[in-house]
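Architecture at a glance
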Amino acid sequence: MNKHTDRFTDKKKRLHRDSGLNSDQNPGRSRQVAIMVREVSESCLETLLTEIVSSYCNGFYANKPELAARRIEAIGFQVGHQLSERYTMDRPRFTDHLDAIKFICKDFWSELFKKQIDNLKTNHRGTFVLQDNRFRWLAHMSVDLSAEASGSIQDPSAMADNKEAQATGMHLYFPCGIIRGALSNLGIQCAVSADISNLPACSFVVRIKA
């Protein structure tokens, strides 16, 4: 255990002591603290995503939006790959693509967002559409998409003249990377894109590679 872990453990102990938390004596208080910690963690993740997008788009690759997009998607890929490995440790391997997609829609999405995907569609030829009717990571964002721009929301060059749309599109590269990474860990190579032409809903289109 390193010194950083020691400090984190000490903080947890102080929180436990200062709040008078004891699961046997005060189960209600225990649940309240658990909810508070979860909400703080979710808020930190959203803030981290915002900072990642800002750093790559306005700092490291300010004049290279396509490269910034690839970097953000790559970070999401690593996150999704590791989370998928953790969440499937005690599961047998999936036998087909549909079972793996259903896992993403139910168990995986529930771990990330405390809810399942609202709608799943497929053409039975390797394309799946996963729709979240109110995608949490876009809840605090608003963008006015024209009919021409809505179909290319994740094309940084196409969004060059619409900064709001470009920022929203950049945020979507991260969850697209997460889905691609999670499926890669399950042995499925695919491409993932996003569509927010019907805000606040967000649809993720998964195309399995032959």
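The structure displayed is predicted, hence computed values, not measured ones.

Definitions and cut-offs
Residues numbered from 1 in each chain as written. Predicted model: local features only at pLDDT ≥ 70, side-chain atom pairs only at ≥ 80, totals over all residues. Heavy atoms only, no water. Helix = DSSP H or I, 4+ residues; strand = E, 2+ residues; numbered from the N terminus. Buried < 20%, exposed > 50% of the residue type's maximum accessible area, 1.4 Å probe, protein only. Areas by Shrake-Rupley, 256 points an atom, 1.4 Å probe, with all protein chains shown as cover. Core = buried A, V, L, I, M, F, W, Y, C linked by side-chain atoms within 4.5 Å. Contact = heavy atoms within 4.5 Å. Expected span 1.5 Å × (residues − 1). Pairing = 2+ DSSP bridges. pLDDT = per-residue confidence, 0-100. Salt bridge = Lys/Arg side-chain N within 4 Å of Asp/Glu carboxyl O.

1. Regarding the overall build of the protein chain
Across its full length, the protein chain carries 6 helices and 4 strands. If you list the helices and strands of the protein chain from N to C, you get α-α-α-α-β-β-α-α-β-β. Within the protein chain, the fraction of its 210 residues that count as buried is 37%. Accessible surface, the protein chain: about 12,700 Å² in total, of which carbon and sulfur atoms supply 49%.

2. A word on the nonpolar core
Membership of the largest hydrophobic core comes to 40 residues, with the highest contact counts inside it found for Leu-130, Phe-135, Leu-183, Phe-204 and Val-206. Put simply, the parts of the chain that give this core at least two residues each are helix H2 (27-60), helix H3 (65-87), helix H4 (97-113), strand E2 (127-132), helix H6 (163-185), strand E3 (190-195) and strand E4 (202-208). Not counting residues up to four positions away in its chain, the partners in contact with Phe-135 are Trp-109, Phe-113, Leu-172, Pro-175, Pro-200, Cys-202 and Phe-204.

3. Digging into H3
With 23 residues, H3 should reach 33 Å at 1.5 Å per residue; the first-to-last C-alpha distance of 33 Å fits that figure. Looking only at H3, the buried set comprises Leu-67, Ala-68, Ala-69, Ile-72, Glu-73, Gly-76, Phe-77, Gly-80, Leu-83 and Ser-84.

4. Structural notes on the pairing of E4
Most of E4 is tucked away, with 6 of its 7 residues classed as buried. Judged from the 6 bridges that link them, E2 and E4 form a sheet pairing that is antiparallel. Paired with Thr-127 across the strands is Arg-207, a residue of E4. Sheet topology note: the E3/E4 ladder contains 6 bridges and is antiparallel. In the strand pairing of E4, Asp-195 is matched with Ser-203.

5. Side note on the confidence of the model for the protein chain
Put simply, the protein chain has an average pLDDT of 77, and 62% of its residues get 70 or more. Contacts of residues 18-23 to residues separated by more than four positions or lying in other chains number 8 contacts, the stretch itself having pLDDT below 50. With pLDDT under 50 throughout, residues 147-152 is counted as low confidence; its partners more than four residues away or in other chains account for 6 contacts.

6. Describing unusual backbone geometry
Unusually for a residue other than glycine, Lys-114 sits at a positive phi of about 60 degrees. Along the polypeptide, Lys-114 turns up in the loop between H4 and strand E1 (119-122). Of the residues examined, Lys-114 reaches a relative accessible area of 43% and is grouped as partly exposed. Of note in this structure, His-124 is not a glycine but carries a positive phi near 65 degrees.

7. So, the pattern of salt bridges
All told, the structure shown has 4 salt bridges when counted by the stated rule. For Glu-73, the salt bridge is made with Arg-180, and the minimal N-O distance between the two is 2.6 Å. With a gap of 107 residues between them, Glu-73 in helix H3 and Arg-180 in helix H6 connect regions that are remote in the sequence. When its relative accessible area of 14% is taken as the criterion, Glu-73 is described as buried. We classify Arg-180 as partly exposed; its relative accessible area is 24%. Asp-107 serves as the salt-bridge partner of Arg-91, at 2.6 Å between the closest nitrogen and oxygen.

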